[in-house]
Amino acid sequence: MATIKEIAELSGVSRGTVDRVLNNRGSVSAKTAEKVLEIARALDYRPNKAGLALAAQKKRLKLGVILFGNSNPFFDEVMKGIRYQEERLAGYNCSILVRQIVYDAASQLAAIEDLLSQEVHGIVLAPYNSPDIAAKINALYEKNIPVVTVNTDIDHSRRIAYVGSNYFLSGETAGGLMGLMTKGDVHTGIVLGSNQILCHTDRVAGFCSLIERKYPHIRVAATIQNQDDEVESFHVTQRLLQEHPQINALYFAAAGVYGGCKAVIAQNRQHDLTIITHDRVNTTREFVRDGIISATICQQPFLQGSQSLDILFNYLTTGELPEKELNYVTVDIRIAENI
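Quick notes on the rules
- Residues numbered from 1 in each chain as written.
- Predicted model: local features only at pLDDT ≥ 70, side-chain atom pairs only at ≥ 80, totals over all residues.
- Heavy atoms only, no water.
- Helix = DSSP H or I, 4+ residues; strand = E, 2+ residues; numbered from the N terminus.
- Expected span 1.5 Å × (residues − 1).
- Buried < 20%, exposed > 50% of the residue type's maximum accessible area, 1.4 Å probe, protein only.
- Arc of directions from axis to C-beta.
- Pairing = 2+ DSSP bridges.
- Right-handed = clockwise from strand over helix to strand, strands pointing away.
- Axes fitted to C-alpha atoms, helices over the stretch in contact; angles between N-to-C directions.
- Contact = heavy atoms within 4.5 Å.

*Asks:* Got a minute to help me understand the environment of S29 in this structure?
*Replies:* For S29, the position within the fold is in the loop between α2 (15–22) and α3 (30–42). In the structure, S29 is positioned 96 residues away from L125 in sequence and 34 Å away in space, judged by C-alpha atoms.

Structure (structure tokens):
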């Protein structure tokens, strides 16, 4: 395996210059950098990951994590993956700083600035879908502060990787399940968290695309938002059922499932609605077992938290981009018999 010393000898420069070129540190002339990179490619140079990890110990890396707020129990499972990596990476003098915020671009920007004031080297981010957030990610990239998006992605940003569900496919899966589980005329209500969260809107887009192509007997009566809040979900779902009495199916594209199902029960509709949801938090699991929810589609939240931090740490210690830009977790369908 080629070494920095060999590249330096063939390039006619110091090992320090080769290190700066390979790790984008310090100023090196374009001509010299091109020469070093050409020789490194010819020798198929691969960084010594063990050595770089030891270097990370000396750096005392700080990684920031920004997730959405405590009202969504799904993120409790993501946090378990984060805490698992926190314990593992502590051996490398790497610390993890976590911030949980509401669905709001200003709050997310403030959380990013807060982490920057703590001198983090990189950030794992569940992004609010706003041009301001995309621009901020791009600005961080220019400052050599990489971002890995987790759980939900964002377009037009220079994040180095995404870890989470393929939400369009997940929405298509929900549409397919509803198509298979229903007959006759179906009028469905769609309940999503926020139309400013890309994973929510992608799920709805996948759902609508699938039923339009394959199940014309299903029509969308109305789409509402609940901000992933259980109390809000109870009220908006109750209002949805009152204003659209023809609804005989519900698709919950995000959280707020417990509050929404409580509204269904309050109106004694639990026996005549086909309900498709996402995730396997405790309350959803019970509703599936009780037959109130027909099926729920899961997305491995522990893995999302763990893998996103692992990708960020590896990038900061090796300088290598992750093998895959899009790291999709498995689409996992659960019904009463396997929940």
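*Asks:* I'm lost on helix α7 (residues 131–142) in this one. Help?
*Replies:* Since the α-helix packs 3.6 residues into each turn, any two residues three or four apart lie on the same face. For α7, built from 12 residues, the straight-helix expectation of 16 Å at 1.5 Å per residue is met to within 8% by its first-to-last C-alpha distance of 17 Å. The complete set of buried residues in α7 reads I133, A134, K136, I137 and L140. Within α7, the buried residues cover an arc of 160° as seen down the axis, which keeps them to one side. Exposed residues pointing more than 90 degrees away from the buried face of α7 are listed as P131 and E142.

*Asks:* It is not clear to me how the pairing of strand β4 (residues 147–150) should be interpreted in this structure. Could you clarify?
*Replies:* Each regular strand displays side chains that alternate between the two surfaces of the sheet. Both faces of β4 are covered, namely the face carrying V147 and T149 and the face carrying V148 and V150. Of the strand pairs in this sheet, strand β3 (residues 122–125) and β4 are connected by three bridges, and their pairing is parallel. Bridged to L125 within β4 is T149. One crossover worth recording links β3 to the parallel β4 by way of α7, and it is right-handed.

*Asks:* When you look at the sheet that holds strand β5 (residues 161–164) in this model, what are you seeing that I'm missing?
*Replies:* The strands making up a sheet associate through hydrogen bonds between their backbones, and the pairing can be parallel or antiparallel. Taken in spatial order, the six strands of this open sheet run β2-β1-β3-β4-β5-β11, and their pairing is parallel. In the strand order of this sheet, the two ends are held by β2 (95–101) and β11 (326–328), each with one partner. Averaged over all pairs of adjacent strands, the angle between their axes in this sheet comes to 15°, without regard to strand direction. Of the pairings in the sheet, the one linking β4 to β5 comprises three bridges and is parallel in character. Opposite T149, over in β5, you have Y162 as the bridge partner. Helix α13 (residues 301–318) contacts β1 (62–68), β2, β3, β4, β5 and β11 of the sheet and is inclined by roughly 160° relative to β5.

Everything listed here is a matter of coordinates, which is why it stays silent on function.
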